[in-house]
Amino acid sequence: MMTGRNEDLIPRPTWSRRPATIGLALGSGVARGWAHIGVLRALEREGIQPDIICGTSIGAVVGGGYVAGKLDHVESWARAMTQRKLFRFLDIGLGTGGLLQGNKLASELQGELGDLEIQHLGRRFVAVATELATGHEIWLRQGNMVESMRASYALPGIFAPVKVDGRWLIDGALVNPVPVSTCRAFGARLVIAVNLNADIFGMGTVRKGDRLESDEEMETENAEAHSLLAGAAMSSRLALRQLLGTTKGTPGLTTVMFGAFNIVQDRLARSRLAGDPPDVLVTPQVAHIGLLDFHRADESIKLGELAMNAAMPMIQEALKVLN
């Protein structure tokens, strides 16, 4: 008769060490968002692959391109952007809910991503948008990729709202400029957040680059803009002039709109990041780049790389602890 315990017969729990789930929250910032490309390149060089990508506005565009395996195409397109090419995307859309219809930009994205569905991607991707009727934060985690991107970057007054599943959606920056909470909700243990507006003091001042053109530059640029709109209706011409903010002595339309947008997203980002801080916060120093300086991709990408490289020791240390 056995009176002792046979330790060999007692089942023991087996623990499998799995790498910590990494979430990457890519924030809003319009043209400053090209810095996200540099952030992703720096992560690639270190062999770090986020499991969950959550993006707001331009963060959804770059993040979605990355998850779809199209980051090279996004980067090439961004680096090739010029001020003249930017004009070609200005499809005036009076009566559509925004000054721009956004169809030309969507066509560019469609050409690269086609009818790709989010749920068919190899890893989790979420685009953050805002429901116009209720102000609710909407997480687009399935459905057409391009449609979800459009909804996430539909800046009120500039781009027309996008209808998804019967709901009109606008820019996600109005509710969650840096979607840390979204990453956590989908299971990320380590959340890396990229805030493109952390180094902008006050947020009430709109820089020269935050308009499509400054008043001084308009004299030389008007001829180019008008030639591109030669076949457009007179109402479209007037809308373009209003969009460019050509009235001297007073702030133009985009000056006011982007200034207000800056203030809202800055105050909201501070509040949400304080309530749910990321494990690592990456802050590219891009304040001097205007919200519409899409032609400065080279500089933005470099600044994104520098910021991520500076944060890399913290990320490596966090991974050691979690793993």
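Right, let's walk through the structure included here. Remember, it's a predicted structure, so these values are computed and weren't measured experimentally.

Scoring rules and cut-offs
- Residues numbered from 1 in each chain as written.
- Predicted model: local features only at pLDDT ≥ 70, side-chain atom pairs only at ≥ 80, totals over all residues.
- Heavy atoms only, no water.
- Helix = DSSP H or I, 4+ residues; strand = E, 2+ residues; numbered from the N terminus.
- Buried < 20%, exposed > 50% of the residue type's maximum accessible area, 1.4 Å probe, protein only.
- Contact = heavy atoms within 4.5 Å.
- Areas by Shrake-Rupley, 256 points an atom, 1.4 Å probe, with all protein chains shown as cover.
- Axes fitted to C-alpha atoms, helices over the stretch in contact; angles between N-to-C directions.
- Parallel < 35°, antiparallel > 145°, perpendicular 65-115°, else oblique.
- Left-handed = near helix turned anticlockwise from the far one by under 90°.
- Nonpolar A, V, L, I, M, F, W, Y, C, P; charged D, E, K, R; others polar.
- Salt bridge = Lys/Arg side-chain N within 4 Å of Asp/Glu carboxyl O.
- Phe/Tyr/Trp six-rings, centres within 6.5 Å; stacked < 30°, edge-to-face > 60°.

**Notes on the overall build of the protein chain**
Helix and strand counts for the protein chain stand at 11 helices and 10 strands. Per-residue burial over the protein chain gives 53% buried out of 323 residues. Considering only contacts in the protein chain between residues 6 or more positions apart, those separated by 24 or more positions represent 77%. As presented, the protein chain carries roughly 15,100 Å² of accessible surface, and 53% of it is formed by carbon and sulfur atoms.

**Focus: the packing of helix α2 (residues 58-67) against helix α6 (residues 145-152)**
Their axes nearest at 8 Å, the elements α2 and α6 cross at an angle of 160°. Overall, the two elements α2 and α6 adopt an arrangement that is roughly antiparallel. Note on packing geometry: the crossing formed by α2 with α6 is right-handed. On α6, the residues touching Ala60, Val61, Gly64 and Gly65 of α2 are Met145, Met149 and Ser152. Along the lines of polarity and charge, the residues of the contact of α2 with α6 split into four nonpolar, three polar and no charged.

**Here we look at the pattern of salt bridges**
All chains considered together, the criterion is met by 13 salt bridges. A salt bridge links Arg184 to Asp276, with the shortest nitrogen-to-oxygen separation between them at 3.1 Å. Pair noted here: Arg184 is in helix α7 (residues 180-185) and Asp276 is in the loop between α10 (253-275) and β10 (280-282), with a separation of 92 residues, a long-range link. We classify Arg184 as partly exposed; its relative accessible area is 28%. A relative accessible area of 24% means that Asp276 is categorised as partly exposed. Note that Asp266 is salt-bridged to Arg270, the shortest N-O span being 3.0 Å. Taken together, the residues Asp266 and Arg270, both in helix α10 and four residues apart, mark about one turn of the helix.

**Structural notes on the packing of aromatic side chains**
Counted by the stated rule, this structure contains four aromatic pairs. Residues Trp139 and Phe186 carry aromatic rings whose centres are separated by 5.6 Å and whose planes lie at 55° to one another, so their mutual orientation is tilted. Taken together, the positions of Trp139 in strand β5 (residues 137-140) and Phe186 in the loop between α7 and β9 (190-194) put the pair 47 residues apart, joining distant regions of the chain. The class of Trp139 is partly exposed, set by a relative accessible area of 29%. Of the residues examined, Phe186 reaches a relative accessible area of 22% and is grouped as partly exposed. Ring pairing ties together the aromatic residues Trp34, Trp77 and Phe294, which thus form one cluster.

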